[in-house]
Structures are given as structure tokens and as C-alpha cells.
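# Descriptive analysis of the structure
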Amino acid sequence: MTSDHVGILISDTVVEVLAGEGGARANLSAGMVRETMNRVVMRKPPLVNFVPRFAAKDTPLGNYTIREGDPVWVSSAAAHADPVFADHAVADTTISTRAHLAWGAGRRQCPARELASTVAAAGVSRLFERFSHLELALPVDQPPWRSSPFMRGLRSLPVRYELAQPVAPLAPEGRERAGRTGVRHLRPPTPPTRPTCPGRWRRTRPSSAARRSGTI
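Notes on the structure follow. (Residues numbered from 1 in each chain as written. Predicted model: local features only at pLDDT ≥ 70, side-chain atom pairs only at ≥ 80, totals over all residues. Heavy atoms only, no water.)

### Structural notes on the nonpolar core
Counting residues in each nonpolar core, the largest one holds 13 residues, and the members touching the most others are Leu9, Leu28, Val33, Met37, Trp103, Ala120 and Val124. In terms of residues, this core owes the most to one element, helix H6 (residues 113-130), which gives 4 residues. Those residues in contact with Val33, other than ones at most four positions away along the chain, are Leu28, Ala121, Val124 and Ser125. Listed in part, the 7 residues of the second largest apolar core include Val14, Val15, Leu134 and Leu154. (Core = buried A, V, L, I, M, F, W, Y, C linked by side-chain atoms within 4.5 Å. Buried < 20%, exposed > 50% of the residue type's maximum accessible area, 1.4 Å probe, protein only. Helix = DSSP H or I, 4+ residues; strand = E, 2+ residues; numbered from the N terminus. Contact = heavy atoms within 4.5 Å.)

### Concerning the environment of Arg43
Along the chain, Arg43 turns up in helix H3 (residues 33-43). A polar atom in the side chain of Arg43 sits 2.9 Å from the side chain of Glu16. (Polar contact = N/O pair within 3.5 Å; in protein donor to acceptor, adjacent residues only side chain to side chain.)

### Here we look at the packing of aromatic side chains
Applying the stated criterion across every chain, the model contains 2 aromatic pairs. Ring geometry for Trp73 and Phe150: centres 5.6 Å apart, planes at 25°, overall stacked. Placement of the pair is Trp73 in the loop between strand S4 (71-72) and helix H4 (76-81) and Phe150 in the loop between strand S6 (145-146) and strand S7 (153-154), with a sequence separation of 77 residues. Residue classification places Trp73 among the partly exposed residues on the basis of a relative accessible area of 46%. Classification of Phe150 as partly exposed rests on a relative accessible area of 24%. Sitting over the ring of Trp145, Arg152 keeps its end group 3.9 Å from the ring centre. (Phe/Tyr/Trp six-rings, centres within 6.5 Å; stacked < 30°, edge-to-face > 60°. Lys NZ or Arg CZ within 6 Å of the ring centre and 35° of its normal.)

### As for the layout of surface pockets
One water molecule sets the probe size; rolling that probe over the atoms shows where empty space is left. If you add up the space inside the largest pocket, you get close to 540 Å³. Considering the residues around the largest pocket, the lining is formed by 20 residues, among which Phe50, Arg53, Gly104, Arg108 and Cys110 are closest to the centre. Taken together, the residues of the lining of the largest pocket break down into 12 nonpolar, 5 polar and 3 charged. Of the voids in this model, the second largest pocket is the one considered here, and its volume is about 340 Å³. Lining of the second largest pocket is provided by Arg53, Phe54, Ala55, Ala56, Lys57, Thr59, Pro60, Leu61, Ile66, Val72 and Val74. Of all elements in the fold, only strand S1 (53-54) and strand S2 (59-61) reach the threshold of two or more residues within the lining of the second largest pocket. A per-element tally of the lining of the second largest pocket places S2 first, with 3 residues. (1 Å grid on protein atoms, 1.4 Å probe; cavity = no way out; pocket = protein on both sides within 12 Å on 5 of 7 lines; lining within 4 Å. Points joined across faces, edges and corners; volume = space filled by probe spheres on them. Nonpolar A, V, L, I, M, F, W, Y, C, P; charged D, E, K, R; others polar.)

### Section: the packing of H3 against H6
The contact between H3 and H6 brings their axes to 10 Å, and the two run at 110°. Regarding the angle of H3 to H6, the classification is roughly perpendicular. Where H3 crosses over H6, the two elements pack in a sense that is right-handed. Mapping the contact onto sequence places Val33, Arg34 and Met37 in H3 and Glu114, Ser117, Thr118, Ala120, Ala121, Val124 and Ser125 in H6. Per-class residue counts for the contact of H3 with H6 are 5 nonpolar, 3 polar and 2 charged. (Axes fitted to C-alpha atoms, helices over the stretch in contact; angles between N-to-C directions. Parallel < 35°, antiparallel > 145°, perpendicular 65-115°, else oblique. Left-handed = near helix turned anticlockwise from the far one by under 90°.)

### Things to note about H3
Of all the 11 residues making up H3, 9 are buried; the element is thus mostly covered by neighbouring parts of the structure. Where H3 is concerned, the buried positions are Val33, Glu35, Thr36, Met37, Asn38, Arg39, Val40, Val41 and Met42.

Below is the structure:
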């Protein structure tokens, strides 16, 4: 389920960024990838319902009483949609709250939270680095979603894209200067100076005039 969760988190983050919803695009532009994903899981948690739990004892909940042994199905999506939570969770602040149920809570919190977040952050970062242009090929409300009692994710994510141009490798002298100044100078690779012929190097000989004058 962890790999499925990661795939859904990556695709949901891409949709949120491209749609410009919930401040996700602004946070990604600022280099705050994990903050972007945190806002996404609050708005659209990949794990919409947790596996059933069973009450260990009679527990009052509002106007109801959950009897010992009764099954309880906790919905993180419903909890996040509660106006008491939703109106304050994604405020206009630099850092949003981590007090949500996207990864569970307490002793039953997902043990792979940090690993899944790291993998998803790497995927989102690399995706937007590799493409100079990326946009949804469908209206934001039309991508096909797959239904499941536990997970909510896309069946596919149609996009239009343009690949970014590869960056030229840094020459040795550029690397040395970058190390001293903290600025990376990109230089194209230096072409070979020796004349060549197909498939092998060719040795050139100076002309007789050059030999007489001492120049080559």
C-alpha cells in the first residue's frame, strides 16, 4: 500500500500544482516541495478511509455510544472536510499544519511516513526539473479517478509537456571557480584540438617552411 500511496501522492501533487489550487504552485515555486505535498494531503488525502478498528470498551462520541467490540471506520477525507478543520488548516501562511490524519496518528501512524514522503518529494522535484512546460490535457475536474473504499487516486494523468534542454557539463576550470565563489559557471565541453579522420587519430607533420622558421 505504501507504493500505491506514493504514486497517488505524486499525481495528486502534480494536479494541484498545475491547477494552481491551495497555494501548491506558489510553494513549489519557492522550492518547498514537502510543504506543497503537505497541503495536498490535507485537501485530498490518498488514504480516504482507514482500515476498520474495533472499540476496546464502551466509548461516548457526541450523542452516540460506541459499544465494546463495535467496528469503527475512520475517514480522514471526511475529517479534513470538516469546516472546523478545513477553514484553519490551509491558511495563508508559509508553513501549514501537520496536525492532520493523512498518515494516521498515534501508535497506528504509518511507519513509512518519512520514507514515502522522501520518495514522493524526489519524484515531484525530478518531474518538474525534466519538463520545461507541463499542463493538464483535460479540464481539472475531468481526469479519471478510480474508486476504492480505502484509496482515492487517478487512473491516468493526461498531460501535455515539453522536455527541458539538457544542461551542459561543467568544465574542470568552471568547477574549480564555482568551488571558490559558490557560483556555478556552465561551459560547453572543449572540442578536441587534434585533427581527426574517421575511426582513428591522424598525426600531422609540420611543413618544411615551419621547420625552417622554428614554428609549427
